[in-house]
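# Structural features, examined
What follows is the residue order along each chain.
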Amino acid sequence: MKNILWGLAFIIFDPLLSLGNGAFELLPDFVGSVLIYSGSRAMRDKSRFFRLAYLSSVLSGFYSFLYWIARAFLFKDGTLSFIVGIPCLLLKLFTVYVVVFGVCDISKNSGKD
C-alpha cells in the first residue's frame, strides 16, 4: 500500500524546474505509475479495483513515459502538446480513480469505515 501512496504523490504533485526556455519535471508521472503498478500487483487479489489499477498503471506508465520523452525532445508547448497530453491525463485520472475506489472497497469489506 505504501508504494501506491507514493505513486499517487508522483502523479498528483507535478513540480517543474524551469531551465531557460523549457522546464524539467522533477517527479515524472511514469515513476508514479511504476510504483502504483508494484503496489497494486500485491493488492489485486483483495479488490477488483486494484486489478483495474494494475492494468491502467501499465498503460498510464507507458504512455506518460512516451509523452515525457516527446515533451523533452520533440515538442515543447503548444497545441500539439496539449492534444497529445489529453489521453495521458485521462489515463492518470482513471488510475487515481480506481486506486481510491480500491481503498474504499477494501475498507468496506473489512467492516471499517
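In the block above lies the structure referred to throughout.
Worth saying up front: this structure is predicted, and the values here are computed from it rather than measured.

A word on helix α2 (residues 29-43). With 15 residues, α2 extends 21 Å between its outermost C-alpha atoms, agreeing within 8% with the 21 Å of an ideal straight helix rising 1.5 Å per residue. Buried within α2 we find Asp 29, Phe 30, Gly 32, Ser 33, Ile 36, Gly 39, Ser 40 and Met 43.

If charged atoms from side chains of opposite charge come close, those side chains can pair. Per the stated rule, a full pass over the model turns up one salt bridge. Note that Lys 92 is salt-bridged to Asp 29, the shortest N-O span being 2.4 Å. Here Asp 29 lies in helix α2 and Lys 92 lies in helix α4 (residues 79-110), a separation of 63 residues in the sequence. Given a relative accessible area of 15%, Lys 92 falls into the buried group.

Turning next to a nonpolar patch on the surface. A surface patch of nonpolar side chains, about 660 Å² in accessible area, is lined by Phe 62, Phe 65, Leu 66, Ile 69, Phe 73 and Leu 74. Using a relative accessible area of 65% as the deciding quantity, one classes Phe 73 as exposed.

Looking now at the nonpolar core. In terms of nonpolar packing, the biggest core is built from ten residues, these being Ile 4, Leu 8, Ile 11, Ile 36, Met 43, Phe 50, Ala 53, Val 96, Val 98 and Val 99. Put simply, the parts of the chain that give this core at least two residues each are α1 (2-12), α2, α3 (48-73) and α4. If near-sequence neighbours (up to four positions away) are discounted, Val 98 is found in contact with Phe 49, Leu 52, Ala 53 and Ser 56.

Three or more residues of α1 are buried, namely Ile 4, Gly 7, Leu 8, Ala 9, Phe 10 and Ile 11. Tucked into the core, α1 has its buried residues touching α2, α3 and α4.

Here is what the cut-offs are and how they apply
Here the residue index of a chain counts from 1 through its sequence in written order. Owing to the predicted nature of the model, reporting of local features is limited to residues with pLDDT of at least 70; listing and counting of side-chain atom pairs is limited to 80 or more, with chain, interface and lining totals taken over all residues. The side-chain figures draw on all heavy atoms in the structure; neither hydrogens nor water molecules are used. In this text, helices come from DSSP runs of H or I with a minimum length of four residues, and strands from runs of E with a minimum of two, each type numbered from the N-terminal end. Any helix carries an expected span of 1.5 Å times its number of residues minus one. Only protein chains enter the accessibility calculation, which uses a 1.4 Å probe; a residue whose area is less than 20% of its type maximum is buried, one above 50% is exposed, and one in between is partly exposed. We define a salt bridge as a side-chain nitrogen of Lys or Arg found within 4 Å of a carboxyl oxygen belonging to Asp or Glu. Patch membership is restricted to residues that have no salt bridge and whose relative accessible area is over 30%. Joining uses 9 Å for like charges and 5 Å for the nonpolar side chains Val, Leu, Ile, Met, Phe, Trp and Tyr. The protein chains shown are the only cover counted for residues, whose accessible areas, like all others here, come from Shrake-Rupley with a 1.4 Å probe. We call a set of buried residues a nonpolar core when its members are Ala, Val, Leu, Ile, Met, Phe, Trp, Tyr or Cys and they connect through side-chain atoms within 4.5 Å of each other. Should any heavy atoms of two residues lie within 4.5 Å, those residues are considered in contact.

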